Amino acid sequence: MSASPSPRQLLHEALASLRGLGRRSLLALLGIVMGCSSVIAMLNIGSNATDEAMSIFKDMGTDTLVVQFPFAPQAPMPMPASLDTEPLLRDVAGLEHLAALGLYSAPVTFHGRTSNVSIVGASAGLAAAARLRLREGRFLSRFDDHDTYVVVGATIAEALEAPGDPLRLGEQLTVNDYLFRVIGILQPQASAALLPFAANDSLFVPAPGMPRLQPAAEVSHVVARVSPGADVYSVGAALGAALTARLPGHEAQVQVSQQVLDGLKRQTRTFTYLLAGLGIISLLGGGVGVMNVMLMSVAERRREIGVRMALGARQRDIRNLFLIEAVTLTAAGALSGAVLGVAAAYLYARFSGWTFSLAYAALPLGMGSTLLVGLFFGLYPAVSAARLQPVEALRDE
């Protein structure tokens, strides 16, 4: 009985056989490349989409609570223009910062330049509760409640400035015929989806002074931060109950940033799985192409198989020969597909304005699934070749 060929010999014969197939092996290789690159690109795009969505909450943190008050026409009394938050901070355990706010829109004018902005009537704790950072000056304090002071968002400050005429601390802005003195200018703030205002595009004025600009001004939201180590869900429930009791007829609806973040993670994970599933379908199509090429190779090499068996080759030797051909073909496709998939994901992130990062699972899953597909679809042709009877195979011309 002859010795089994070494793995090196089997690989050499597999490469020679694949070269002999010519265009057919190239077409099968192309199908594997497209399938593998689809899996890797889809997994990486899904991962980058998740990272991009999570970055919205990066600066806001997971300890933020936002309370909103739906319109209640049957309430015994309207919402107040401002809210004293000190009793709430004392009564609700686990609160570190708390601020009430109301929203309004109005044109603002500075040295003849006008811009329509969002006015936020805020209490003093909003900077700490919403993590607002100042470029210069200071934020509103409780001693400013009856003064016409304003803190300007970064984008609004740029819109009101002109070459040689910057917006400085102490300058006066005109809002609805009232003059407001600038006491602070914010740094550019990252997007915070849960907050009810866009800090960069807003002016912040003392909440008790909002009736100057809007006679029907009222509190619309409360923003809070939970103390380190406190449970955000229990603190949120306690805060909602306290606000509902303090404001009869008005239901306090509490949104927890961690809850929103968890829901967003589930959605993006589902999105990633969907994209990966589409890539797997494409990869299975490439696997069918590999099986088709290997079946044609078996049919064309029946006489060669018969000769090998007559010279002492065992069934497992024949099976391994064709199985290595299939795996070699898919391995080449996996390597090429990995390069193409990463490049496609990078270009997609670049054109989408995202920050590209290589998903740690994309390459192992993409290349691993490709090799498994090649092994699965190459197994049937290899077993078929091994089961041929030498006498019948030698009869083929």
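Refer to the structure printed above.
Predicted model only: the values in this text are computed from it and were never measured.

S.K.: Sorry if this is basic, but what is going on with a nonpolar patch on the surface here?
M.R.: A grouping of Leu27, Leu30, Met34 and Leu340 is seen on the molecular surface, where their side chains present a nonpolar patch of about 390 Å² in accessible area. The element that contributes the greatest number of residues to the nonpolar patch is helix H2 (residues 23-55), accounting for 3 residues.

S.K.: What am I meant to see in the pattern of salt bridges here?
M.R.: In a structure, side chains of opposite charge can pair up when their charged atoms sit close to one another. Summed over the entire model, instances satisfying the criterion amount to 6 salt bridges. One salt bridge connects Asp63 with Arg131, and the closest N-O pair in it is separated by 3.1 Å. Of the two residues, Asp63 sits in the loop between H2 and strand E1 (64-68) while Arg131 sits in the loop between helix H4 (126-129) and strand E4 (134-137), which places them 68 residues apart along the sequence. Here Asp63 falls in the buried class, since its relative accessible area comes to 17%. Judged by its relative accessible area of 25%, Arg131 is partly exposed. Among the ionic pairs, Asp91 bridges to Arg246, the shortest N-O distance being 3.5 Å. Highlighted residues: Asp91 in helix H3 (residues 86-91) and Arg246 in helix H6 (residues 232-246), separated in sequence by 155 residues. Note on Arg246: relative accessible area 35%, which makes it partly exposed.

S.K.: Hey, could you run me through unusual backbone geometry in this one?
M.R.: Across the chain, the bulk of peptide bonds are trans and the bulk of non-glycine residues have phi less than zero. Even without glycine at this site, His111 takes up a positive phi of about 50°. Tracing the backbone shows His111 in the loop between strand E2 (95-110) and strand E3 (113-122). Residue classification places His111 among the partly exposed positions, given a relative accessible area of 49%. Even without a glycine there, the phi angle at Arg131 is positive, about 55°.

S.K.: What's the story with the side chain of His221 in this structure? I'm lost.
M.R.: In this fold, His221 is placed in strand E9 (residues 221-226). Judged by relative accessible area, His221 falls into the buried class, the value being 13%. In this structure the side chain of His221 is engaged in a polar contact, spanning 2.9 Å, whose partner is the side chain of Ser220.

S.K.: Honestly, the packing of aromatic side chains in this entry has me stumped. Any pointers?
M.R.: The description of an aromatic ring pair uses the distance of the two centres, along with the angle that the planes make with each other. Taken as a whole and assessed by the stated rule, the structure comprises 5 aromatic pairs. Ring centres of Tyr346 and Phe356 lie 5.4 Å apart, and the angle between their planes is 85°; this geometry places the pair in the edge-to-face category. Note that Tyr346 is positioned in helix H9 (residues 315-352) and Phe356 in the loop between H9 and helix H10 (362-386), a separation of 10 residues in sequence. Take Phe356: its relative accessible area is 27%, and that puts it in the partly exposed class. Here the aromatic cluster, defined as three or more aromatic residues joined through ring pairs, consists of Phe139, Phe197 and Phe204.

S.K.: Can you walk me through helix H8 (residues 302-310) in this structure?
M.R.: For an α-helix the count is 3.6 residues per turn, leaving residues at separations of three or four pointing the same way. Among the residues making up H8, those that are buried are Ile305, Gly306 and Met309. In an axial view of H8, the angular spread of the buried residues amounts to 100°, which keeps them on one side of the axis. Gly312 sits one or two positions beyond H8 and adopts a positive phi of about 115°.

S.K.: Looking at this structure, how should I read the layout of surface pockets?
M.R.: With a probe scaled to a water molecule rolled over the atoms, the places where space remains empty come into view. In this model, the largest pocket occupies a volume close to 340 Å³. Lining the largest pocket are 19 residues, with Thr85, Glu86, Ser123, Ala124 and Arg142 sitting closest to its centre. Contributions of two or more residues to the lining of the largest pocket are made by H3 and E2. The element contributing the most residues to the lining of the largest pocket is E2, with 4 residues. Classifying every residue of the lining of the largest pocket gives 9 nonpolar, 5 polar and 5 charged. The space that makes up the second largest pocket amounts to roughly 260 Å³. Lining of the second largest pocket is provided by 14 residues; of these, Leu43, Gly46, Ser47, Thr50 and Thr272 occupy positions nearest its centre. Contributions of two or more residues to the lining of the second largest pocket are made by H2, helix H7 (257-300) and H10. Ranked by the residues each element gives to the lining of the second largest pocket, the list is headed by H2, at 5 residues. Split into classes, the residues belonging to the lining of the second largest pocket amount to 6 nonpolar, 5 polar and 3 charged.

Rules of the game
- Residues numbered from 1 in each chain as written.
- Predicted model: local features only at pLDDT ≥ 70, side-chain atom pairs only at ≥ 80, totals over all residues.
- Heavy atoms only, no water.
- Patch = residues over 30% accessible without salt bridge, like charges linked within 9 Å, V, L, I, M, F, W, Y side chains within 5 Å.
- Areas by Shrake-Rupley, 256 points an atom, 1.4 Å probe, with all protein chains shown as cover.
- Salt bridge = Lys/Arg side-chain N within 4 Å of Asp/Glu carboxyl O.
- Helix = DSSP H or I, 4+ residues; strand = E, 2+ residues; numbered from the N terminus.
- Buried < 20%, exposed > 50% of the residue type's maximum accessible area, 1.4 Å probe, protein only.
- Polar contact = N/O pair within 3.5 Å; in protein donor to acceptor, adjacent residues only side chain to side chain.
- Phe/Tyr/Trp six-rings, centres within 6.5 Å; stacked < 30°, edge-to-face > 60°.
- Arc of directions from axis to C-beta.
- 1 Å grid on protein atoms, 1.4 Å probe; cavity = no way out; pocket = protein on both sides within 12 Å on 5 of 7 lines; lining within 4 Å.
- Points joined across faces, edges and corners; volume = space filled by probe spheres on them.
- Nonpolar A, V, L, I, M, F, W, Y, C, P; charged D, E, K, R; others polar.

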